[in-house]
Every structure is written in structure tokens, then in C-alpha cells.
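Take a look at the letters that make up each chain.
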Amino acid sequence: MHNSEELRDEVDGIVAAWGRERTDFNPEPLSVFSRLLRLDRHIDKMRRQTFAKHGIESWEFEMLAALRRQGKPYRLTAGRLVQETLVSSGTVTNRIDRMVAHGYAERHPDPKDRRVVHVQATEAGVRVVDAAMEDLLTAEQHELEDMPIAEQKELAVLLRQLLAHFER
């Protein structure tokens, strides 16, 4: 990609400024977390633009993708959707309501336990998430095209290690 010694970004200035202003601080963690935060904002914008082409929001993609990954019949319990999407049960319930209203999902009560609700993607839901996923992968590949495959794999390993720390 680029020689990391010559490549500079906004975060370098932020870290340097904190180091200058507060010599009692070690601002180095900012070099990781501020970059992750800035990347998150760029990625979120790119994803929202990609999904908007399909008339869905990021959360709809996330919910439908969780269902789609299950394989036929593209079904999960509402509780499992909470785990898959890392949002509260109230948020998942609201999102399920909206997906049902948009025709992307259906609710099915569990015949053995009335407290359990299964959520199943409709044909329309599968179509829209498949099309959005295809465009997303194209957009993400475009963003990575200047980074050699070996560096992409190394970055994935490092990010997995950091994420594992938070998800323990």
C-alpha cells in the first residue's frame, strides 16, 4: 500500500497535540481507537449509501442478513436475533414490526412455547438482502483494492484479536 512512515492522517495530529498539551498522558491508544472510530463513520456512510439503493436501512440489512445466513427457511427466534445483532430485545421487537410492515419478514409463534417467536425472511426479504449484499461486497472490495491481500489478511487477524478482547 503506502510506506507507513510517510503516510499521515488526522489522527497523527490529534495524538501529537495531546502529547504536547498533556505530557503526563500516553496518547498512543488514540492512534488505534480514534482511527477505528473514524473508519466506523466512513464505513457506516458507505454502507448506508449502498443499502439506500435497495430501499433499506442498515438495521434492516443486518436483521435480514442474520436470517439469510441461516439457510432455508431463513428463520431465527427473536431472542437469537438479539444475540446476532447486539441490540436490546425491545429494539429487535420494534425492528421486526417494521420488517413485517415492509413485507420482508413474518412472525411465527412457536407451537410448543407461546413466549417464543420465530422470525422468518419472506421471498422479498431474501431478494433485497441478496442484492444489497452483492453491492456491499463490491463497494467493500473497492475500498480495499489498494491494500495487498497479505495486508488485508494481517489486518483481519489484528482486528479479530482486538474484537475478541472486547467480546470476552
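Along each chain, the written sequence defines residue order, and numbers are assigned to residues from 1. With the structure being a predicted model, the display of local features is reserved for residues of pLDDT at least 70 and the display and counting of side-chain atom pairs for 80 or more, all residues being used for whole-chain, interface and lining totals. Side-chain numbers come from the whole structure's heavy atoms, not from hydrogens or water.

Between Lys72 and the following residue, Pro73, the backbone shows a cis peptide bond with an omega angle of 10°. At Tyr74, a residue that is not glycine, the phi angle is positive and equals roughly 55°. The numbering of helices and of strands both runs from the N terminus, where a helix is a DSSP run of H or I of at least 4 residues and a strand a run of E of at least 2. Looking at the element boundaries, Tyr74 is found in the loop between α3 (58-68) and β1 (75-77). Judged by its relative accessible area of 13%, Tyr74 is buried. Phi is positive for Leu86, which is not a glycine, with a value near 55°. Exposed residues in this analysis have more than 50% of their type's maximum accessible area, buried residues have under 20%, and partly exposed residues fall in between, with area computed by a 1.4 Å probe over protein chains only.

Moving on: the sheet that holds strand β2 (residues 105-109). Two pairing modes exist for strands in a sheet, parallel and antiparallel, and in both the strands are linked by backbone hydrogen bonds. The strand order across the open sheet formed by three strands is β1-β3-β2, and the pairing between neighbours is antiparallel. Since the sheet does not close on itself, it has two edges, and those belong to β1 and β2, each with one partner. Neighbour-to-neighbour, the strand axes of this sheet turn through a mean angle of 25°, independent of strand direction. Strand direction decides the pairing type here: β1 and strand β3 (residues 117-121), joined by three bridges, are antiparallel. If you follow Leu76 over to β3, its bridge partner there is Val119. Relative to β1, helix α4 (residues 78-85) is tilted by about 95°, and along the sheet it contacts β1 and β3. Strands qualify as paired when DSSP identifies two bridges or more between them. Between N-to-C directions, angles cover 0 to 180 degrees, with each direction set by a line fitted to C-alpha atoms, over the stretch in contact for helices. By definition, residues are in contact when any of their heavy atoms lie within 4.5 Å.

Attention shifts here to the side chain of Glu60. Mapped onto the elements of the fold, Glu60 is located in helix α3. Any pair of N or O atoms that falls within 3.5 Å is considered a polar contact. Within protein, one atom must be able to donate a hydrogen and the other to accept it, and sequence-neighbouring residues count only if both atoms are side-chain atoms. Within the structure, Glu60 has its side chain in polar contact with the backbone nitrogen of Glu57 (distance 2.9 Å). Here Glu60 is in contact with Gly55, Met99, His102 and Tyr104, once residues within four sequence places are set aside.

The values reported here are purely geometric and, on their own, carry no functional implication.
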